[in-house]
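# Observations on the model geometry
So the chains spell out like this:
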Amino acid sequence: RDPYPIYRRLRAEAPVLRVKSAGRTLLTKAEDTKYVKDNPEIFSSDDPNTPMKRAFWAHTLMRKDGEDHKRERMAMAPAFAPKVIKNDWMPQYVKIAEEYVSRLPRGEIVDIFAVLSGAYAARGLAILLGMPEASDEDMMEWSQALIEGAGNFGWADAPFERADRANTQIHALLDSIQDRHRAEPDNSAFSVMLNAEDPIEEKQIYANIKIAIGGGINEPRDALATILYGLLTNPDQLAEVRAQEAWDKAFEEGIRWVAPIQASSRLVTEDTELGGFDIPKGDTVMTIQASANRDEELYEDGESFFVFRDKNPHQAFGNGPHHCAGAHVAR
């Protein structure tokens, strides 16, 4: 329920820890997690021991390195360009935000997790991806199904069956809107990939869309809820954020405090060393961003939510070649 006391202890006592039952080595210090992400030639994203390929029906860009990763990532890049975000997506995001907040019931306790954070993230992503036909409920279900499938390290049947249903429904929708996007191209991710001069293969276009659904709802949903929780439980900070219009600082602190993606895996391609410990080729390391973002070497009282920190070099969006493509949109 609360891993942070465990992470704090690991940073102090065992920052590089082989966990035999998980078959993985946990890295909890910011210096080590950053080093791993910055050196993909030693720490590969192509970890064959994850269920992601089974869950997504494809070898996705999340599990690729080098030119293969770059080509697929760049295929979606035009949809995430700063100018496109400003001109195409922001006006729609503002409208959705006003509409979704205004429909909240007043005078009663509301669980904003589903009715605001999740729905808002789902609608914004559906527009950016070019699939507004998908309902908020569909998007949220697909995202959860894919994420649970990708994290199904016990290889149980039920999570894969749920992911299979999501894959089938997403593919059916994408099949049905191809003609519209070819006839009326726009800056959405599906449209730019379909209409590229040298498009990636259709299977990978669909995989890219599914990765965005899997990673583009839960994370902003959780970040929004975390930031609101941090502000509402620290009314003095909320007042100061309002006075200074410091919403950008509140965002960065929220995703530092509780990293939306807590851990990532990397396959070790050669014998190496981390923090004075030997890491053998073939091992799998887990970078624990949730812990790195509270590292005592970088943060004074990193356990607390404090918007007005002097420095905030968090790793919530990762770093290196796999730095989150949706970072600007999320902000």
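Residues numbered from 1 in each chain as written. Predicted model: local features only at pLDDT ≥ 70, side-chain atom pairs only at ≥ 80, totals over all residues. Heavy atoms only, no water.

### Points about the overall build of the protein
Note the threshold: Runs of E in the DSSP output that reach at least two residues are strands. Runs of H or I that reach at least four are helices, and both are numbered from the N terminus. Radius of gyration: over C-alpha atoms. The globule rule applied is 2.2 Å multiplied by the number of residues raised to the 0.38 power. Accessible area is worked out with a 1.4 Å probe on protein chains only. A residue is then buried under 20% of its type maximum, exposed over 50%, and partly exposed in between. What makes two residues a contact is simply this: any of their non-hydrogen atoms within 4.5 Å. In summary, the charge assignment counts Lys and Arg as positive and Asp and Glu as negative, without counting His or the chain termini. Note that the charge is assigned to NZ on lysines, CZ on arginines, CG on aspartates and CD on glutamates.
Helix and strand content of the protein: 15 helices and seven strands. Rg of the C-alpha trace for the protein: 20 Å, near the compact-globule value of 20 Å for 331 residues, within the 12% margin. Across its three principal axes, the protein shows a C-alpha extent of roughly 60 × 50 × 40 Å. Across the 331 residues that make up the protein, the buried fraction comes to 49%. For the protein, the share of sequence-separated contacts (at least 6 apart) that also reach a separation of at least 24 residues comes to 67%. Taking the average location of the 39 positive side-chain charges in the protein and that of its 54 negative ones, the two points are 1 Å from each other.

### Focus on the pattern of salt bridges
The following threshold applies: Basic side-chain nitrogens of Lys or Arg form a salt bridge, by our definition, when they fall within 4 Å of a carboxyl oxygen of Asp or Glu.
For the coordinates displayed, the defined rule picks out 18 salt bridges. Taken together, the salt bridges that share partners define one network made up of R8, R11, R294, E296 and E303.

### Some words on the nonpolar core
The cut-off we apply is this: Each nonpolar core is a collection of buried residues, namely Ala, Val, Leu, Ile, Met, Phe, Trp, Tyr and Cys, held together in the definition by side-chain atoms within 4.5 Å.
L129, M131, M139, W142, I209 and I213 are the most contacted members of the largest nonpolar core, which has 48 residues in total. Only α3 (52–56), α4 (66–76), α5 (82–102), α6 (112–129), α7 (136–150), α8 (157–183), α9 (189–194) and α10 (202–216) provide two or more residues apiece to this core. Broken down by element, the residue count for this core peaks at nine residues, all from α6. In this structure, M139 is in contact with A122, L125, A126, L129, M131, A134, I213 and I217, ignoring residues within four places of it in sequence. Counting 15 residues, the second largest nonpolar core, distinct from the first, contains A223, A246, A250 and F305.

### A word on the confidence of the model for the protein
Quick note on the threshold: Summary of the metric used: pLDDT quantifies the predictor's per-residue confidence within the range 0 to 100.
Residues of the protein with pLDDT of at least 70 account for 97%, and the chain-wide mean is 92. Per-element averaging of pLDDT across the protein places α4 at the bottom with 75 and helix α12 (residues 235–244) at the top with 98.

### As for helix α13 (residues 247–257)
Three- or four-residue spacings in an α-helix give side chains the same orientation, since the helix completes a turn every 3.6 residues. For α13, a buried count of eight out of 11 residues is recorded, marking the element as mostly surrounded by other parts of the structure. Buried residues of α13: A250, F251, E252, E253, G254, I255, R256 and W257, and no others.

### So, the packing of α7 against α8
Helix-helix packing: each pair is described by the crossing angle between the helix axes and the interaxial distance. Which entries qualify depends on this criterion: To obtain each axis, a line is fitted to C-alpha atoms, and for helices this fit is confined to the stretch in contact; angles are then taken between N-to-C directions over 0 to 180 degrees. When describing relative orientation, an angle under 35 degrees is termed roughly parallel and one over 145 degrees roughly antiparallel, while 65 to 115 degrees is termed roughly perpendicular and anything else oblique. Note: crossing handedness is left-handed where the near helix turns anticlockwise from the far helix by less than a right angle, and right-handed where it turns clockwise. When residues are grouped by polarity, Ala, Val, Leu, Ile, Met, Phe, Trp, Tyr, Cys and Pro land in nonpolar, Asp, Glu, Lys and Arg in charged, and all others, Gly among them, in polar.
Look at α7 against α8: their axes get within 8 Å of each other, and the N-to-C directions meet at 135 degrees. Judged by the angle between their axes, α7 and α8 are oblique. Relative to α8, α7 is oriented so that their crossing is left-handed. Where α7 abuts α8, its residues E141, W142, Q144, A145, L146, E148 and G149 lie against P159, F160, R162, A163, A166, N167, Q169, I170 and L173. For the contact of α7 with α8, the residue count by class is nine nonpolar, four polar and three charged.

### Topic: the packing of aromatic side chains
Note the cut-off: The aromatic pairing rule takes the rings of Phe, Tyr and Trp, using the six-membered ring of Trp, and pairs them if the centres are within 6.5 Å, calling planes under 30 degrees apart stacked, those over 60 edge-to-face and the rest tilted.
Per the stated rule, a full pass over the model turns up eight aromatic pairs. Measuring from ring centre to ring centre gives 6.3 Å for F251 and F317, while their planes differ by 20 degrees; the resulting arrangement is stacked. With F251 in helix α13 and F317 in the loop between α14 (289–292) and α15 (327–330), the pair connects residues that are 66 residues apart, well separated along the chain. Of the residues examined, F317 reaches a relative accessible area of 12% and is grouped as buried. Centroid distance F306 to F308: 6.4 Å. Interplanar angle 70 degrees. Geometry classified as edge-to-face. Taken together, the aromatic side chains of Y229, W257 and F305 make up a single cluster linked through ring pairs.

### Some points on the environment of V241
Along the chain, V241 turns up in helix α12. Placed 67 residues apart in sequence, V241 and F308 show a C-alpha to C-alpha distance of 8.9 Å.

### Concerning α12
Put simply, the rule reads: An arc is given here, and it is the one of the directions from the helix axis to the C-beta atoms.
Regarding α12, the residues found buried are Q237, L238 and V241. Within α12, the buried residues cover an arc of 100 degrees as seen down the axis, which keeps them to one side. Exposed residues on α12 whose side chains face more than 90 degrees from its buried face are P235, D236, R242 and A243. Check the buried side of α12 and you find it contacts α11 (218–232) and α13. Of the residues trailing α12, E245 is marked for its positive phi of about 55 degrees.

### Overview of the pairing of strand β2 (residues 24–27)
A regular strand places its side chains on the two faces of the sheet in alternate fashion. The condition is simple: Only strands joined by at least two bridges in the DSSP assignment are considered to pair.
Residues of β2 alternate between two faces, with R24 and L26 on one and T25 and L27 on the opposite face, all of them buried. Where strand β1 (residues 16–19) and β2 come together, four bridges link them in antiparallel fashion. Considered in β2, the bridge of V19 is made with R24. Counted along the chain from β1 to the antiparallel partner β2, the turn is four residues long, and its residue G23 has a positive phi close to 65 degrees. With three bridges joining them, β2 and strand β7 (residues 284–287) adopt parallel strand pairing. Note that in β7 the partner of T25 across the bridge is V285.

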